[in-house]
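Here are the chains, one letter per residue:
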Amino acid sequence: MKRYLAALATVLFFAMLVISTACTRFLAMRKGDCSQDSSVATSRATSLGRAGWARYNPRNSAFSIELPAEPRPFDVPMPEDAKRAFRQTKVYTYKDKNLFIYLVSYESQHPAITTQEFRDLTAGFLDGFTKSPGVSEADYAEETSSPCKYSLKGEFKQNRTPMGWEGFARAKGSSAWILVAPYPKGGNDAVLPARYAVD
């Protein structure tokens, strides 16, 4: 478990660097947007009913997620060029002995995020995530259910410790969210809560 927590702490450290990578790529031509996307940007539309878990609504936005406790927010400084695209970027984390959640919320300067901007934003995040210090043998796959909604899954080694992760990216209107839930491979006590939070 100590190795797991150490790996999670490292993930949190390098994830702070991901924001800059993602933000600088979020400067694309504006065509087709996520204002009319029919998918609701929530972890799941109705309660899953897991004992002791509650639904939280970070930033009082269109996004909500069920967790054992409220995720902790903190601000991330944005590069100057990213301020042309974003009004705000906020990071939320939740961690206990079995579960680690890293959620990034983006608020565009424009009334709606375009599908190309959302694609570039997600690609930038994943690029930074998989190329961060201490990470090797990273691979991931994404499943697109709409131009503004992706399911994500992958694996990597964190300082030679095999890790898996699941997550998603959503955009609706002027907001976008990217969530990742890493866990040590081979430990169902971590995999199941991670999948539950991501569903």
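Only a predicted model underlies this, so the values are computations on that prediction, with no experimental measurement involved. (Residues numbered from 1 in each chain as written. Predicted model: local features only at pLDDT ≥ 70, side-chain atom pairs only at ≥ 80, totals over all residues. Heavy atoms only, no water.)

## Some words on the pairing of strand S6 (residues 135–146)
Across nine bridges, the pairing between S6 and strand S7 (residues 149–158) is antiparallel. Bridge pairing in S7 places Asp 139 opposite Glu 155. In this structure, the hairpin formed by S6 and S7 is closed by a connection of two residues. (Pairing = 2+ DSSP bridges. Helix = DSSP H or I, 4+ residues; strand = E, 2+ residues; numbered from the N terminus.)

## Comments concerning the pattern of salt bridges
In total, this model carries six salt bridges according to the counting rule given. Note that Arg 87 and Glu 107 form a salt bridge whose closest N and O atoms lie 2.9 Å from each other. With a gap of 20 residues between them, Arg 87 in strand S4 (residues 86–95) and Glu 107 in strand S5 (residues 100–108) connect regions that are remote in the sequence. Of the charged contacts in the structure, one is a salt bridge between Glu 155 and Lys 185, with a shortest N-O distance of 2.8 Å. Taken together, the residues Glu 155 in strand S7 and Lys 185 in the loop between strand S9 (175–184) and helix H3 (188–198) connect sequence positions 30 residues apart. For Lys 185, a relative accessible area of 45% gives the class partly exposed. (Salt bridge = Lys/Arg side-chain N within 4 Å of Asp/Glu carboxyl O. Buried < 20%, exposed > 50% of the residue type's maximum accessible area, 1.4 Å probe, protein only.)

## Digging into the side chain of Glu 66
Looking at the secondary structure, you find Glu 66 in strand S2 (residues 65–67). Look at Glu 66 and you get buried, because its relative accessible area is 5%. At 3.4 Å, the side chain of Glu 66 and the side chain of Arg 55 are in polar contact. (Polar contact = N/O pair within 3.5 Å; in protein donor to acceptor, adjacent residues only side chain to side chain.)

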